[in-house]
Amino acid sequence: MESAKTPLLTGKEGEDFDLHLSAEWIKNHTDRHPHEPHSHFFGKEILQKILNQDGCVGIRFYHAHSEPKGSDKGDRHIIIVGARADGSDMTNTKDAKPDPLSREEMKAVAYDTVGQQSMPCPGSPGCPKSFMA
């Protein structure tokens, strides 16, 4: 009888962190990169939608850019995807399918959610004015 694989991820990754050291590290980043966003806000709805997917143990954050290397246009983004216990990304999306599906086929297939459109700070409404920023 084959034993179950030990998961690579458990959903318990990460830890509480010292507030003052957090603020110091954030200041270090903003001092090094003063013209780049220093935070991104995602709302509860998209986070819960991803976390509520079957098999999701956490969220992976990817740094992304809307334009290819060499272009001086475009914007930086954060893409978020659910992660499974085996470490794989939950990227079974309709956009990943090679052929468009009919409405009936779409009803039969469960898609994973990939999130974007965070609100970068500074520059978006609701940016914090605390010592963390």
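See the structure shown above.
The text that follows walks through the structure, step by step, so that each part is easy to find. Since the model is a prediction, treat every value here as computed from it, not as a measurement.

**Quick notes on the environment of Lys 12**
Now for step 1: Along the polypeptide, Lys 12 turns up in the segment before helix 1 (19–32).
Now for step 2: Judged by relative accessible area, which is 70%, Lys 12 ranks as exposed.
Now for step 3: It is 8.5 Å that separates the C-alpha atoms of Lys 12 and Gly 58, two residues lying 46 residues apart in sequence.

**Some thoughts on the pairing of strand 3 (residues 76–84)**
Now for step 1: Two strands pair when backbone bridges link them, and strand 2 (residues 56–65) and strand 3 are joined in this way by 9 bridges, in the antiparallel orientation. Considered in strand 3, the bridge of Cys 56 is made with Arg 84.
Now for step 2: Note: strand 3 against strand 4 (residues 114–115), 2 bridges, orientation antiparallel. What sits directly across from Ile 80, in strand 4, is Gly 115.

**Thoughts on the sheet that holds strand 3**
Now for step 1: The strand order across the open sheet formed by 3 strands is 2-3-4, and the pairing between neighbours is antiparallel. Each edge of the open sheet carries a strand with a single partner, namely strand 2 and strand 4.
Now for step 2: On top of the sheet, helix 2 (residues 44–51) reaches strand 2, strand 3 and strand 4; it is set at about 125° to strand 2, its chief contact.

**Concerning helix 1**
Now for step 1: Between the first and last C-alpha of helix 1 there are 20 Å, a value that for 14 residues agrees with the 20 Å anticipated at 1.5 Å per step.
Now for step 2: Among the residues of helix 1, Ser 22, Ala 23 and Thr 30 are the ones counted as buried. The arc that holds the buried residues of helix 1, viewed along the axis, is 95°, so those residues lie on one side. In helix 1, the exposed positions that point more than 90 degrees away from the buried face belong to His 20, Trp 25 and Arg 32.

**As for the nonpolar core**
Now for step 1: Within the largest apolar cluster, 6 residues are counted, these being Phe 42, Ile 50, Cys 56, Ile 78, Ile 80 and Met 90.
Now for step 2: Setting aside its immediate chain neighbours within four residues, Ile 80 contacts Phe 42, Ile 46, Leu 47, Ile 50, Ile 59, Arg 60, Phe 61, Thr 113, Val 114 and Gly 115.

Basis of the calculations
Residues numbered from 1 in each chain as written. Predicted model: local features only at pLDDT ≥ 70, side-chain atom pairs only at ≥ 80, totals over all residues. Heavy atoms only, no water. Helix = DSSP H or I, 4+ residues; strand = E, 2+ residues; numbered from the N terminus. Buried < 20%, exposed > 50% of the residue type's maximum accessible area, 1.4 Å probe, protein only. Pairing = 2+ DSSP bridges. Contact = heavy atoms within 4.5 Å. Axes fitted to C-alpha atoms, helices over the stretch in contact; angles between N-to-C directions. Expected span 1.5 Å × (residues − 1). Arc of directions from axis to C-beta. Core = buried A, V, L, I, M, F, W, Y, C linked by side-chain atoms within 4.5 Å.

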